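Here's the letter readout for the chains.
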Number of protein chains: 2
Amino acid sequence: MVDRRRTQIVEMACKRFAERGFIGSSMRDLAADMGLEAASLYTYIKSKDDLLEDICFGIGNKLIAAIDEVNDIYFNAEEKLRSAIKNHVEIICADPEASKVFSHEWRHLNDAKKNEFITLRNHYEQGVTEIIETGITEQIFVEGDKRFAVLTILSTVNWISEWYNPKGKMKPNEIAQKLADFVLTGLKKQT
Amino acid sequence: MVDRRRTQIVEMACKRFAERGFIGSSMRDLAADMGLEAASLYTYIKSKDDLLEDICFGIGNKLIAAIDEVNDIYFNAEEKLRSAIKNHVEIICADPEASKVFSHEWRHLNDAKKNEFITLRNHYEQGVTEIIETGITEQIFVEGDKRFAVLTILSTVNWISEWYNPKGKMKPNEIAQKLADFVLTGLKKQT
DNA sequence: ACTTTTGCCTAACACTTGTTAGGTAACATG
DNA sequence: CATGTTACCTAACAAGTGTTAGGCAAAAGT
């Protein structure tokens, strides 16, 4: 039951961190949200930093697992890219608040964890890069600046947490499909 | 000469806000960067909030001026979109730190200024939407979810400040061109 | 009935926060 | 030389920060 309470606290922290940022959220405010006093939070968590780590690596590890899986199973590059986008979008949409924290608040991790986080992010970036490389080798993607393509794709998926509304009519798999179409074929009509 | 000093302070604040966030940056740290005591900053600025407003609306107003200009002068939709992207990329690359603050720290504006900011951002979004609409009317862009296209385009331009390095080899106009190509024609080879 | 555990509390510590008041040395202007 | 201005300073304020120590009532276990 301690774990259950801890989870509730992490979820509430997520909400606050997404709204007001890690530093902008005080333990007293967070406690008030939970109907507790600040000191009582420490029965369940080690420190404020702990909360941030939990959230950042929670999302991070899911993303890593997803990209590794896509690159393990063989598909052609287009299928790989579509799967990767689909997984990414679904992870973000399943918890847009945690994803916001993942995107914006990781820099407030302590030095050790920040390095770990950057390594993780590079690993993910590398996973996406491999997909692009596969596509160029298979001659189905245009040759060009790989890194630029990767950054651009990642920007579109990461930005989703800024506007996604779980109560809106656009569902995650629809978003993933549209995004994949966009990334693959662009805005221009094929004539 | 007061103005000159003020500008230096705003520029330094920009750097700190971009690195550590608005709330994560203390006036004492900022003052130390300037070789001053915290209290001395108040000779040049009204408040800490003042600094954030200056930075956010500095970038915001430039973006608005740029999109309005593009929509005023007549081009076909593709030219309009390319110009808009070029302007946006150039504004961001001219001051990536201020752009980071613009993207991430606006939520810490006070309520009045935050509303003003959101209005400004909606205005910009509307400007981009008009370009997409023009393209659909001219039958050169694929019909589809306009809002989705706009958000996706904005995500790619806004993300540039996260990775752009003024000392790197990729120059703003090159970035703008690649990005416009990407947005227009996507990753897939035309066959 | 007695003990242990749970789940929270109050109080406090040491420190940092934005900001104001008032002063002072160096310099410019008359 | 006298005056005003510039450009900074020190000191202080009231409030808020994360976190620890120690306590206490209710519930659970025996």
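Residues numbered from 1 in each chain as written. Chains lettered and ligands numbered in written order. Predicted model: local features only at pLDDT ≥ 70, side-chain atom pairs only at ≥ 80, totals over all residues. Heavy atoms only, no water.

## Structural notes on the protein's contact with DNA strand D
Part 1 of the reasoning: As a structural note, the neighbourhood of DNA strand D is formed by 19 residues, with Arg28(A), Tyr42(A), Glu37(B), Ser40(B) and Tyr44(B) the closest of them.
Part 2 of the reasoning: In DNA strand D, atoms within 4 Å of the protein come 58% from sugar and phosphate.
Part 3 of the reasoning: The side chain of Ser26(A) places a nitrogen or oxygen atom 3.4 Å from a phosphate oxygen of DNA strand D.
Part 4 of the reasoning: Between Tyr44(B) and DNA strand D, the recorded distance is 2.4 Å, taken from a side-chain N or O atom to a phosphate oxygen.
Part 5 of the reasoning: If you list the elements that add at least two residues to the surface near DNA strand D, you get helix H2 (27-34) and helix H3 (38-41) of chain A together with helix H1 (2-20) and helix H3 (38-41) of chain B. (Near = heavy atom within 4 Å. Polar contact = N/O pair within 3.5 Å; in protein donor to acceptor, adjacent residues only side chain to side chain. Helix = DSSP H or I, 4+ residues; strand = E, 2+ residues; numbered from the N terminus.)

## Digging into the protein's contact with DNA strand C
Part 1 of the reasoning: Near DNA strand C there are 19 residues, and of these Glu37(A), Ser40(A), Tyr44(A), Arg28(B) and Tyr42(B) occur at the shortest range.
Part 2 of the reasoning: At 3.5 Å, a side-chain N or O of Arg28(A) approaches a base nitrogen of DNA strand C.
Part 3 of the reasoning: The separation between a phosphate oxygen of DNA strand C and a polar side-chain atom of Ser26(B) is 3.4 Å.
Part 4 of the reasoning: Residue assignment for the surface near DNA strand C shows that the elements contributing at least two residues are helix H1 (2-20) and H3 of chain A together with helix H2 (27-33) and H3 of chain B.
Part 5 of the reasoning: In terms of residue class, the surface near DNA strand C is made up of 8 nonpolar, 6 polar and 5 charged. (Nonpolar A, V, L, I, M, F, W, Y, C, P; charged D, E, K, R; others polar.)

## Thoughts on the nonpolar core
Part 1 of the reasoning: Ranked by internal contacts, the top residues of the largest apolar core, which has 131 residues, are Leu187(A) and Leu187(B).
Part 2 of the reasoning: Residue contacts for Leu187(B): discarding those within four places in its chain leaves Leu81(A), Ile132(A), Ile140(A), Phe141(A), Val142(A), Ala149(A), Ile153(A), Val183(A), Leu184(A), Thr185(A) and Phe182(B). (Core = buried A, V, L, I, M, F, W, Y, C linked by side-chain atoms within 4.5 Å. Buried < 20%, exposed > 50% of the residue type's maximum accessible area, 1.4 Å probe, protein only. Contact = heavy atoms within 4.5 Å.)

## Considerations on the domain arrangement of chain A
All names here are of chain A.
Part 1 of the reasoning: Domain annotation of chain A identifies domain 1 (1-45) and domain 2 (49-185).
Part 2 of the reasoning: Each partner contributes residues to the interface: domain 1 has 14 residues there, and domain 2 has 12 residues.
Part 3 of the reasoning: Here domain 1 and domain 2 share an interface that buries about 1,100 Å² over both sides, 75% of which is from carbon and sulfur atoms.
Part 4 of the reasoning: Ranking the residues of domain 1 by area buried against domain 2 places Cys14, Phe17 and Phe22 at the top, with a combined share of 45%. (Domains from an automatic or database assignment. Buried area = accessible area lost by both parts, 1.4 Å probe.)

## Concerning the pattern of salt bridges
Part 1 of the reasoning: Throughout the structure, instances matching the rule amount to 28 salt bridges over all chains.
Part 2 of the reasoning: One salt bridge in this structure joins Arg6(A) and Asp50(A), with 3.7 Å as the shortest N-O distance. Here the residue Arg6(A) occupies a position in helix H1, and Asp50(A) occupies one in helix H4 (residues 48-72), the gap between them amounting to 44 residues.
Part 3 of the reasoning: A salt bridge links Arg16(B) to Asp29(B), with the nearest nitrogen and oxygen atoms 3.8 Å apart. Taken together, the positions of Arg16(B) in helix H1 and Asp29(B) in helix H2 put the pair 13 residues apart, joining distant regions of the chain.
Part 4 of the reasoning: For Arg16(B), a relative accessible area of 10% translates into the label buried.
Part 5 of the reasoning: A network of salt bridges, in which partner residues are shared, links Arg6(A), Asp50(A) and Asp54(A). (Salt bridge = Lys/Arg side-chain N within 4 Å of Asp/Glu carboxyl O.)

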